Amino acid sequence: MHELGVVFHIVKSVKRIAKENNLSEIASVTVEVGEVSTVIPAYLTDCWKWAMNKEDALLHTAKLVVETLPGVTFCEDCKQTYGTVEFGKICPYCKSEHTYLLQGNEFNIKEIEAC
């Protein structure tokens, strides 16, 4: 489960940003998780809850908001896009294997809300 490491990275980044902006308390952190990334949102949320019990006043009550970005694949032959999870590597329009992932493996800190 690498989600705990991801949470530690988020916490470190948020603390740095809070210090740079003289923030004393964080209300929430919104992250974007790609549908085909290796991050499992439920595990991420569980790790966040555990980590927040260990944190100081800056993050102790901060909520984690997870937004899922859909997996989208592009077909080089027919120039169509389609849902990666539903169809995988084979284009559902022309049956080509000449495809690549456009979106869906990201992990981004989208927003930090201060109190």
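Structure report, in brief. The residue numbers shown here count from 1 along each chain, following its written sequence. Local features in this predicted model are restricted to residues of pLDDT 70 or higher, and side-chain atom pairs are both shown and tallied only at a pLDDT of 80 or more, whereas totals for entire chains, interfaces and linings draw on every residue. Just so you know, side-chain values use all the structure's heavy atoms and leave hydrogens and water out.

What follows deals with the pattern of salt bridges. Pairing between side chains becomes possible if they bear opposite charge and their charged atoms approach one another. A side-chain nitrogen of Lys or Arg and a carboxyl oxygen of Asp or Glu constitute a salt bridge if their distance falls within 4 Å. For the structure shown, the criterion picks out two salt bridges. One salt bridge connects Arg16 with Glu20, and the closest N-O pair in it is separated by 3.4 Å. Here the residue Arg16 and the residue Glu20 both occupy positions in helix 1 (residues 3–20), the gap between them amounting to four residues, near one helical turn. Residue Glu67 pairs with Lys110 through a salt bridge whose shortest N-O separation is 2.9 Å. Residue Glu67 is found in strand 2 (residues 63–69), and its partner Lys110 is found in strand 6 (residues 107–114); the two are separated by 43 residues along the sequence. The classification of residues rests on relative accessible area computed with a 1.4 Å probe and restricted to protein chains. Under 20% of the type maximum is buried, over 50% is exposed, and intermediate values are partly exposed. We classify Lys110 as partly exposed; its relative accessible area is 47%. Every helix listed is a DSSP run of H or I at least four residues long, and every strand listed is a run of E at least two residues long, numbered separately from the N terminus.

A separate point is the sheet that holds strand 5 (residues 99–103). Sheet strands pair via backbone hydrogen bonds, and the direction of the pair is either parallel or antiparallel. A sheet is described by the order of its strands in space; here three strands give the open sequence 4-3-5, paired in antiparallel fashion. Among the strands making up the open sheet, the edge pair consists of strand 4 (81–83) and strand 5. Between one strand axis and the next, the sheet turns through 35° on average, direction left out of account. In this sheet, strand 5 lies alongside strand 3 (residues 72–75) in antiparallel orientation, the contact comprising four bridges. Paired with Val72 across the two strands is Gln103, which belongs to strand 5. For two strands to be treated as a pair, DSSP must find no fewer than two bridges joining them. The convention used is that axes are lines fitted to C-alpha atoms, helices contributing only their stretch in contact, and that angles between N-to-C directions extend from 0 to 180 degrees.

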